[in-house]
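Secondary and tertiary structure notes
Here's the letter readout for the chains.
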Amino acid sequence: MELDPGKNQVWQNEQRQFWENRQAFDTQAVFDALNGTESLTKWQCRKCGPVPQSNPQPAARIKALKQRGYYIATIKRECATCGGKQYFDLLIRLPRNAADNEKRFMISVSLQNKIKSVLPLKDACFDSPQMPSELIIDHKFPSSRWVNGETINDTAMSYEEIKNKFQLLTNQTNLQKERYCKRCVLTGIRGDFFGIKWFYEGDEKWRGSSKADEKGCIGCCWYDLELWREKFNQFLSEENLCERV
């Protein structure tokens, strides 16, 4: 079996080779914290364990590790050390999954700055102003539906291309979107907005011609949260006007 403790050294060697030529020091530091030095990994508290000591934004780095194909379990339970219910993470030493997310093109720092100058500095989910450092650049078309990888993120990308491709989310709402999108891939049922099942195009059934058909996402709140909110408010105004008439 893959989790046989006797295979631990082989797994460790493979991970050293994987990280050797990658300039991802923040993410690697969190990986090392989860991996530890023992023959078996342990549940690590995300508030008082070694992970937050390695990086102040552990959730974002753990997500990055999952995108690189690592299997990490997450639960919420009482922490005997720091008290209260906290998130705990467990690195499972299985061979990395060659996920679609590895087919990403890097977003250069200059393009990141450009995107955050073009898009409102708000969490698109709750329309709440945020500091630039608190916002994550989210691909509207979810990576869980990518088959041939991502289109190139050209630094010379136009404002219109930026608005069509990206939205800004906090880490929390980005993870929320990711859960809805992955469930949609598995079930064919599009996500709702925290219980509001309304779509400005189509209904809750995802109707793309193939897994990678972006048209199947149009109308879903999570695909374009700002446009969905605009369309929903317009719908409410029209309904209210009809009632008055």
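The paragraphs below set out a description of the structure included in this document. Bear in mind that the values here come from a model prediction, so they are computed numbers and not experimental data.

**Re the overall build of the protein chain**
Broken down by element type, the protein chain carries eight helices and seven strands. Its C-alpha atoms put the protein chain at 75 × 45 × 35 Å along the principal axes. Residues classed as buried in the protein chain amount to 41% of the 245 residues present. Counting contacts in the protein chain only where the partners sit at least 6 residues apart, residues at least 24 apart contribute 67% of the total. Split by element, the accessible area of the protein chain, about 14500 Å² in all, is 52% carbon and sulfur. On the protein chain, the mean spot of the 37 positive side-chain charges and the mean spot of the 32 negative ones are 3 Å from each other.

**A closer look at helix α1 (residues 8-20)**
End to end, α1 covers 18 Å across 13 residues, agreeing with the expected 18 Å (1.5 Å per residue, within 8%). Along α1, the residues classified as buried are Asn8, Trp11, Gln12, Gln15, Phe18 and Trp19. Around the axis of α1, the buried residues are gathered within 120° of arc, so they sit on the same side. Exposed residues pointing more than 90 degrees away from the buried face of α1 are listed as Gln17 and Glu20.

**Side note on the sheet that holds strand β1 (residues 44-45)**
Read across the sheet, three strands follow the order β1-β3-β2 without closing on themselves; strand pairing throughout is antiparallel. Edge positions in the open sheet fall to β1 and β2 (71-78), since each of these has one partner strand only. Alignment of β2 against strand β3 (residues 85-92), held across eight bridges, turns out to be antiparallel. In the strand pairing of β3, Glu78 is matched with Lys85. Across the sheet, helix α2 (residues 25-35) touches β1, β2 and β3, and the angle it forms with β3 is around 90°.

Procedures and definitions
- Residues numbered from 1 in each chain as written.
- Predicted model: local features only at pLDDT ≥ 70, side-chain atom pairs only at ≥ 80, totals over all residues.
- Heavy atoms only, no water.
- Helix = DSSP H or I, 4+ residues; strand = E, 2+ residues; numbered from the N terminus.
- Buried < 20%, exposed > 50% of the residue type's maximum accessible area, 1.4 Å probe, protein only.
- Contact = heavy atoms within 4.5 Å.
- Areas by Shrake-Rupley, 256 points an atom, 1.4 Å probe, with all protein chains shown as cover.
- Lys, Arg positive; Asp, Glu negative; His and termini not counted.
- Charge placed at Lys NZ, Arg CZ, Asp CG, Glu CD.
- Expected span 1.5 Å × (residues − 1).
- Arc of directions from axis to C-beta.
- Pairing = 2+ DSSP bridges.
- Axes fitted to C-alpha atoms, helices over the stretch in contact; angles between N-to-C directions.

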